[in-house]
Amino acid sequence: MLDMLIGLIVLVASTLMFRYAAGTLSLTAPNLVSIVYYYSFLLSSFIGALLIALGMDDYYMIRKLFRPEEYRQIGFAVVCFVMIVFPLSMVVVSRLCGFEARQEFRAYLQKPLSPLAGATGSQVFYAFLALSLLSFAAIAYMIWKTPTIPVFALLTGTDESLAALRVEASRHFAGNVLVRNIFAITLTPLLSFIAYLFAELTHEWRWKLLFICLFVGAVFVNVYDLAKSPIFFYVMMFLLIRIYIGKTRLSAAKLALYGGVGAAVLVGMYIVIQGVQDVATFLSYNKGPIGRMILAQIAPTFLHLNLFGEALPFLYGKSLPSILTGLFDVENVRSARLVMAHVFPERIEDGTGGVLNTLFVAEAYANFGYVGIVIGTLYVGVVTQLLYIGFLRLPKNPLFLSLFVYFSINIPRTLVGGFTDFLFNPTWVLLVALFGGMALWLRVQGDLRAWFATKRRMTDEG
């Protein structure tokens, strides 16, 4: 009963602070912070943590805990701490930046889509056409270097385990992982959004044709390994794009319809890919897609707290980005992989086990103990709110809007994936440098053209 009371108090306080930081938690007007609240914290972390604390989870991962009663309470306390301190840090950042979330988000929604400053139509198109060709080349390279494409195996029929093929496609990729992850898997969907927005802005057939090609490529890279979530996140990003340019207006009825269709498709994917026989059991709260959402994402946090410092030594920075550990000749190790190998060694041996990703503070704890939890929570909260404020105050052009939507979905995903990606993420750094540099270059070129035109006019008049 005490856990329930504490949970209720934490939930109310956290919700109020998230609403202040976001401007709105309305489901019909989603934004980066509200998606973090609903997806990363409420659904993926808090509900499951409360069930675990109450002993109502009956979940296979939690059965692996030693001293389970003690660590059920420790894990719940950590989640409650994050639920309070994370949005509190966002509120403090908002106050320091003079950020009025409700007014600025509402103004952003009403602001019309604008062209890139200083750029001509042909300049922009050919620049993005070149990037699109690079993206298509990366997709071809990914297909070439992947031992078996799981979606092809599913369509043609195979006797091999689809789960094992998924792990093989990810861990046994024979090419450069950065080329695959950045230029194929990440860049293709992002370019499809940019092309779509330029097509809406200019109504030119060349942008529409480029969008269709990129859309096909984006769907492929999101389903090629039979992962169930990427294609849903891609659809969510596309929906956000349309909401932010006023092409789609959500209502309770539309949300119910989209949610029902999405749930049906997700269950269908699970049944086909995993060969589910007992659908009723599969749809119980601690199994299948429901269990994966509310328990599978948070249970590894309890395992991290349980194992590191007890059965496993603290990593002391070994899971920091490889670009940093490489400077000190230290082998890079992800805590989520170590936990999988320790708790489910049989999955590692048969090739069906990858990593046990979970709430970001678990990896922070695996490296630096409880100090990592405190500092990591404050740091990630500040970074998230600064991104939200920054994008709302940038021009609403196809480039920046696409990046805004990309981070609005990928920040929440990363919060339940790990901590070190917030310290250095090569994909994020490259995307910001690439598109920020492109916008700056086009702006400078436009200013130079205007300056030369003015000088020429003044010379002619003189």
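Residues numbered from 1 in each chain as written. Predicted model: local features only at pLDDT ≥ 70, side-chain atom pairs only at ≥ 80, totals over all residues. Heavy atoms only, no water.

If you look the protein up in an unreviewed UniProt entry, it shows as Oligosaccharide repeat unit polymerase from Geobacillus zalihae.

**Student:** Help me understand helix α19 (residues 398–415), please; the structure alone is not making it clear to me.
**Tutor:** The α-helix winds at 3.6 residues per turn, so residues separated by three or four positions along the chain end up facing the same way. Here α19 contains 18 residues, and its C-alpha end-to-end distance of 26 Å stays within 8% of the 26 Å for a straight helix at 1.5 Å per residue. Burial analysis of α19 places 17 of its 18 residues in the buried class, the great majority of the element. At the N-terminal end of α19, a side-chain oxygen is found 3.1 Å from the backbone nitrogen of L399, two or three residues along, and the residue is N397. (Helix = DSSP H or I, 4+ residues; strand = E, 2+ residues; numbered from the N terminus. Expected span 1.5 Å × (residues − 1). Buried < 20%, exposed > 50% of the residue type's maximum accessible area, 1.4 Å probe, protein only. Polar contact = N/O pair within 3.5 Å; in protein donor to acceptor, adjacent residues only side chain to side chain.)

**Student:** Explain the nonpolar core to me, please; I cannot follow it from the model alone.
**Tutor:** Inside soluble globular proteins, nonpolar side chains tend to come together where they are buried. Among the nonpolar cores identified, the biggest contains 119 residues, and F41, F86, F128, F360 and F435 are the most heavily contacted of them. Take this core: its biggest share by element is 14 residues, from helix α2 (residues 32–53). Apart from residues lying up to four places away in sequence, F128 is in contact with L116, L191, I194, F198, W207, L399, F435 and M438. Ranked by size, the runner-up nonpolar core spans 11 residues in total, among them A138, I149, V221 and Y224. (Core = buried A, V, L, I, M, F, W, Y, C linked by side-chain atoms within 4.5 Å. Contact = heavy atoms within 4.5 Å.)

**Student:** What is the right way to look at the side chain of T186 in this model?
**Tutor:** Along the chain, the position of T186 falls in helix α8 (residues 177–202). A polar contact of 2.7 Å, which involves the side chain of T186, links it to the backbone oxygen of N181. With residues up to four places along the chain from it excluded, the contact list for T186 reads N181, Y406, T427 and L431.

**Student:** Please explain the packing of α8 against α19 as it appears in this structure.
**Tutor:** Axis angle and axis distance: for two packed helices, these are the angle between their axes and the distance between the axes, and together they describe the pair. Their axes nearest at 9 Å, the elements α8 and α19 cross at an angle of 135 degrees. On the basis of their axis angle, the class for α8 and α19 is oblique. Both α8 and α19 take part in a crossing whose hand is right-handed. In this structure, α8 uses T186, L190, F193, I194, L197, F198 and L201 to contact α19, whose residues at the interface are P398, L399, L401, S402, L403 and Y406. Its residues assigned to classes, the contact of α8 with α19 comprises 11 nonpolar, two polar and no charged. (Axes fitted to C-alpha atoms, helices over the stretch in contact; angles between N-to-C directions. Parallel < 35°, antiparallel > 145°, perpendicular 65-115°, else oblique. Left-handed = near helix turned anticlockwise from the far one by under 90°. Nonpolar A, V, L, I, M, F, W, Y, C, P; charged D, E, K, R; others polar.)

**Student:** I keep staring at the layout of surface pockets and nothing clicks. Help me out?
**Tutor:** By rolling a water-sized probe across the atoms, one finds the places where empty space is left. Of the volumes computed, that of the second largest pocket is approximately 280 Å³. If you go around the second largest pocket, you meet 18 residues; those closest to its centre are L387, F407, W428, V429 and V432. Going through the elements one at a time, α18 (360–393), α19 and α20 (426–461) are the ones with two or more residues in the lining of the second largest pocket. (1 Å grid on protein atoms, 1.4 Å probe; cavity = no way out; pocket = protein on both sides within 12 Å on 5 of 7 lines; lining within 4 Å. Points joined across faces, edges and corners; volume = space filled by probe spheres on them.)

**Student:** Sorry, what's going on with the pattern of salt bridges here?
**Tutor:** Here the idea is simple: oppositely charged side chains can pair when their charged atoms come close. Within the structure shown, the criterion is met by nine salt bridges. The salt bridge involving R72 is made with E69; its shortest N-O contact spans 3.9 Å. With a gap of three residues between them, R72 and E69 both fall in helix α3 (residues 68–96), about one helical turn apart. Note on R72: relative accessible area 12%, which makes it buried. Take E69: its relative accessible area is 56%, and that puts it in the exposed class. Here the salt bridges share partners, and the residues they tie into one network are D57, E69 and R72. (Salt bridge = Lys/Arg side-chain N within 4 Å of Asp/Glu carboxyl O.)

**Student:** Mind showing me how you'd approach the packing of helix α14 (residues 299–307) against α18 here?
**Tutor:** It is at 9 Å that the axes of α14 and α18 come closest, and there the two elements cross at 65 degrees. Regarding α14 and α18, the two cross each other, and that crossing is right-handed. On the side of α14, the interface is formed by T301, H304 and L305, while α18 contributes A362, E363, Y365, A366, Y370 and I373. Among the residues forming the contact of α14 with α18, the class breakdown is six nonpolar, two polar and one charged.

**Student:** Help me understand the environment of L65 in this model?
**Tutor:** Along the chain, L65 turns up in the loop between α2 and α3. Classification of L65 as buried rests on a relative accessible area of 8%. In this structure, the C-alpha to C-alpha distance between L65 and L303, residues 238 residues apart in sequence, is 6.6 Å.

**Student:** Quick question: what am I supposed to make of the side chain of D3 here?
**Tutor:** Looking at the secondary structure, you find D3 in helix α1 (residues 2–22). Sequence-distant contacts of D3, that is, excluding residues within four places in its chain, are made with L50, A53, L54, Q73 and F76.

**Student:** Looking at this structure, I do not really get unusual backbone geometry. What am I missing?
**Tutor:** Negative phi is the rule for most residues except glycine; trans is the rule for most peptide bonds. Residues other than glycine seldom take positive phi values, yet H203 does so here, at roughly 60 degrees. The residue H203 is located in the loop between α8 and α9 (205–223) in this model. Judged by relative accessible area, which is 57%, H203 ranks as exposed. Its identity as a non-glycine residue notwithstanding, Y316 has a phi of 50 degrees, on the positive side. For Y316, the location among the structural elements is in the loop between α14 and α15 (322–325).

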